[in-house]
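# Structural overview
Below are the chains, spelled out letter by letter.
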Amino acid sequence: MTTEVRFVLDGRPVTVPADGTLLDALRGPLGERSVKDGCAPQGQCGCCTVLVDGEPRVACVTPVRRVADRRVTTVAGLPDAAAWAEALCATGGTQCGFCTPGIIVRLAAVTTAGGDREACAEALGGHLCRCTGWQPVLDAVGRRGAPVPERDPGPAEARAAIEGGVPQRVGAAVALGAGGFAADTAPAECLIALRDRSGGWVVAETMTEARRLAGRVQGRRTTIAACPPLDAPPGDWVRVLRTSWVEPAYLEPDAAWCEPGGAPASPLANGGAFGGKAASPLPAVARTLADRHGRPVLALSTREDVARLGPKRPPVAAGIRSDGSGVLRVVATPGIDEVVRTVAPGLVVEQVAVPGPPTSTDIRGAGWAEALVLACSLGERDLVRFRGGEAEAVVDDDGIHVRVVPGAVLDEVVLRSYVTGAAHQAYGWVTSEGVAVDGDGAVLDLTIRSFGVVRAAALPEIRIEVVPSDAPAVPVSDAVFAAVAAATWRCLGYPTDWPAGVP
């Protein structure tokens, strides 16, 4: 059997080892960093999508032998890649930029075949985007090739940092995958470190060899439904709410690299991961292994690692009275009492020890969002004021309607992108998102499509009204997250348990 494979990559002939996947070859010996690894070897996130003889393929489940003597095109090889990137930047269809190279490849294939916006939405069923809420991505379909107004990146990046909580680049290059992710900036000579089945770390020269040494089997999705693990507190309540374990579902798995004796690269390269990476152990792992081996080491989490070991939104079971008093039971999470008290002093917090994955108050809205959702249900409007920002939401048969008061807008494209993303995330939280956990606390949903993230074709239209002012710029996307969750719950008729299904 041949030990090498030859094919044409973005118009040039290349030769690579015949073992492993196409993704391993692209990101390894060929150094093609625009193709991202979001879930390998699950083939479910779409971040590694390329064209093989003009047809979209997911590189992480394509053996490299299958592309022998064929044409492989990445986003870097698309003739109109720059136009797609400019369009995505102009519509706010990219934030962290991890998913967009694969999305551009898919959209290019669909539109080349004559597909319209609706066809693009259906085709994006093979992709996930956690940041933008899909609508700005689909808006880019009609903007491709149109003149792009000049835009100052300073205010745009300032608004992105205000909403995301970390510095973030804004520009067409980000849409092409140049966001500076840790796994992309690692030196070529880095050793690769992966967790093995015992929870220890194996180190190898290549990704293919590291996977072999780790001996891991791809995680699966369970047939068991995600269910709230806590019973509601006894009482005469106006509203009762019980939630499930929820995965932050950021697309880029944790990654960090380090030189011997150096400072590790941050897992938060171009996005905050909705709080999921705030306490990531990988920088310390990369530093330890680099010192041990005397060489740079890139430590990587697989998607299964993120599902099993990453922090989740803590489930709650709460009851509230008409005067705002009540009890909020929550899976034990350090600091959750203080978080809830800041927005709902009338709720008594009861922490309950439950076997399960780690939880964290760093996760977007953990604790305080549930409290505000309960409070909104007592009134006639779903209006949330948080951290200086204001958001009001309505969910009805016509879609999701959001009004925001952000102070100085700074950049309306970025603002609308973050508002849309928060609305998408909140709608999914109420209707479809959840992770199954067994009685011993083990996470059973181990694939990225198991988490219930709403797909592009299933998301209601989101309409946004921006009310600017001369006040200083303040974040509004977190307020939008709570307001849209409250409005979705209202639209559904206040079912006790989440996820509750679509309206």
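Just so it is clear, the structure is predicted and the values come from calculations on it, not from any experiment.

### Considering the overall build of the protein chain
- Scanning the protein chain from terminus to terminus reveals 15 helices and 17 strands.
- In terms of C-alpha radius of gyration, the protein chain reaches 23 Å, essentially the compact-globule figure of 23 Å for 503 residues.
- For the protein chain, the spread of C-alpha atoms along the three principal axes comes to 75 × 55 × 40 Å.
- For the protein chain, the residues scored as buried account for 57% of the 503 residues in total.
- Taking the intrachain contacts of the protein chain between residues at least 6 apart in sequence as the baseline, contacts between residues at least 24 apart amount to 71%.
- Roughly 19,300 Å² of accessible area belongs to the protein chain as shown, and the carbon and sulfur atoms make up 52% of that amount.
- Each charge class in the protein chain was averaged separately, 48 positive and 57 negative side chains, and the resulting centres sit 4 Å apart.

### Let's talk about the pairing of strand β3 (residues 49–52)
- Along β3, one buried face is formed by Thr49 and Leu51 and the opposite face, lined by Val50 and Val52, is buried too.
- Taken together, the 4 bridges between β3 and strand β4 (residues 55–58) define a ladder with antiparallel strand orientation. Following the sheet pairing, Leu51 is matched in β4 by Pro56.
- In sequence, β3 turns back onto β4 through a hairpin of 2 residues, with Asp53 there showing a positive phi of about 50°.
- In this structure, β3 lies alongside strand β5 (residues 71–73), joined through 2 bridges in antiparallel fashion.

### Digging into helix α6 (residues 153–164)
- In this model, α6 (12 residues) spans 16 Å end to end at C-alpha, consistent with the 16 Å of a helix rising 1.5 Å per residue.
- Those residues of α6 not exposed but buried are Ala156, Arg159, Ala160 and Glu163. The buried side chains of α6 occupy one side of the element, clustering within an arc of 100° when seen end-on.
- Residues of α6 that are buried in the fold lie against α14 (412–431) and α15 (477–492).
- Residue Asp152 occupies the N-cap position of α6, its side-chain oxygen lying 2.9 Å from the main-chain nitrogen of Gly154.
- Trailing α6 by a residue or two, Gly165 shows a phi angle of about 85°, which is positive.

### Some points on the environment of Val409
- Residue placement: Val409 occurs in the loop between β16 (399–405) and α14.
- Placed 81 residues apart in sequence, Val409 and Arg490 show a C-alpha to C-alpha distance of 29 Å.
- Once residues within four sequence positions are removed from consideration, Val409 is found in contact with Arg159, Leu415, Val466 and Pro468.

### Points about the sheet that holds strand β14 (residues 382–386)
- If you trace the 4 strands from one edge of the open sheet to the other, you get β14-β15-β16-β17, paired in mixed fashion. The open sheet is flanked by β14 and β17 (462–466), the only strands paired with a single partner. Ignoring strand direction, the axes of neighbouring strands in this sheet form an average angle of 20°.
- Across 5 bridges, β14 lies against strand β15 (residues 389–396) in antiparallel orientation. Residue Val384 lies in a different strand from β15, and its bridge partner there is Ala391.
- Strand contacts of α15: β14, β15 and β16, with the helix running at about 25° to β15, the strand carrying the most contacts.

### What about the environment of Ala299?
- Tracing the chain through its elements places Ala299 in strand β10 (residues 297–300).
- The exposure class assigned to Ala299 is buried, which follows from its relative accessible area of 0%.
- Sequence spacing of Ala299 and Leu191 is 108 residues, and the spatial spacing of their C-alpha atoms is 8.4 Å.
- Apart from residues no more than four positions distant in its own chain, Ala299 is found in contact with Ala193, Trp201, Asp254, Ala255, Ala256, Leu282, Val285 and Ala286.

### Overview of the sheet that holds strand β8 (residues 239–242)
- The strand order across the open sheet formed by 4 strands is β8-β11-β12-β13, and the pairing between neighbours is mixed. This sheet does not close on itself; its edge strands, each paired only once, are β8 and β13 (347–352). If you compare each strand with its neighbour and ignore which way they point, the axes differ by 10° on average.
- Two strands pair when backbone bridges link them, and strand β11 (residues 316–320) and strand β12 (residues 326–331) are joined in this way by 5 bridges, in the antiparallel orientation. What sits directly across from Ala318, in β12, is Leu328.

### Brief notes about the packing of aromatic side chains
- All told, the structure shown has 6 aromatic pairs when counted by the stated rule.
- Judged by centre distance (3.8 Å) and plane angle (15°), the rings of Trp368 and Phe386 are stacked. Here Trp368 is found in helix α13 (residues 368–376), whereas its partner Phe386 is found in strand β14, with 18 residues between them in sequence. Judged on exposure class, the residue Trp368 and its partner Phe386 are both buried.
- A ring pair is formed by Trp429 and Phe481, whose centres lie 5.0 Å apart and whose planes are at 10°; its orientation type is stacked.

### Describing the side chain of Thr222
- On the secondary structure map, Thr222 appears in the loop between α9 (207–214) and β8.
- Under the relative-accessibility criterion, Thr222 is labelled buried at 19%.
- At 3.0 Å, the side chain of Thr222 forms a polar contact with the backbone nitrogen of Ile224.

### Let's talk about the environment of Val419
- Checked against the element boundaries, Val419 lands in helix α14.
- Classification of Val419 as buried rests on a relative accessible area of 0%.
- Here the alpha-carbon distance between Val419 and Thr94, two residues 325 residues apart in the chain, equals 13 Å.

### Considerations on unusual backbone geometry
- Omega for the peptide link from Ala40 to Pro41 comes to 5°, which places this bond in the cis form.
- By the element assignment, Pro41 lies in the loop between α1 (22–27) and β3.
- In this structure, Pro499 follows Trp498 across a cis peptide bond, with omega equal to 0°.
- Mapped onto the elements of the fold, Pro499 is located in the segment after α15.
- Phi is positive for Asp69, close to 65°, though the residue is something other than glycine.
- Among the secondary structure elements, Asp69 is positioned in the loop between β4 and β5.
- Within the chain, Tyr494 stands out as a residue other than glycine whose phi angle is a positive 60°.
- By the secondary structure assignment, Tyr494 is in the segment after α15.
- Classification of Tyr494 by relative accessible area gives buried; the value is 17%.

About the thresholds
- Residues numbered from 1 in each chain as written.
- Predicted model: local features only at pLDDT ≥ 70, side-chain atom pairs only at ≥ 80, totals over all residues.
- Heavy atoms only, no water.
- Helix = DSSP H or I, 4+ residues; strand = E, 2+ residues; numbered from the N terminus.
- Rg over C-alpha atoms; globule rule 2.2 N^0.38 Å.
- Buried < 20%, exposed > 50% of the residue type's maximum accessible area, 1.4 Å probe, protein only.
- Contact = heavy atoms within 4.5 Å.
- Areas by Shrake-Rupley, 256 points an atom, 1.4 Å probe, with all protein chains shown as cover.
- Lys, Arg positive; Asp, Glu negative; His and termini not counted.
- Charge placed at Lys NZ, Arg CZ, Asp CG, Glu CD.
- Pairing = 2+ DSSP bridges.
- Expected span 1.5 Å × (residues − 1).
- Arc of directions from axis to C-beta.
- Polar contact = N/O pair within 3.5 Å; in protein donor to acceptor, adjacent residues only side chain to side chain.
- Axes fitted to C-alpha atoms, helices over the stretch in contact; angles between N-to-C directions.
- Phe/Tyr/Trp six-rings, centres within 6.5 Å; stacked < 30°, edge-to-face > 60°.

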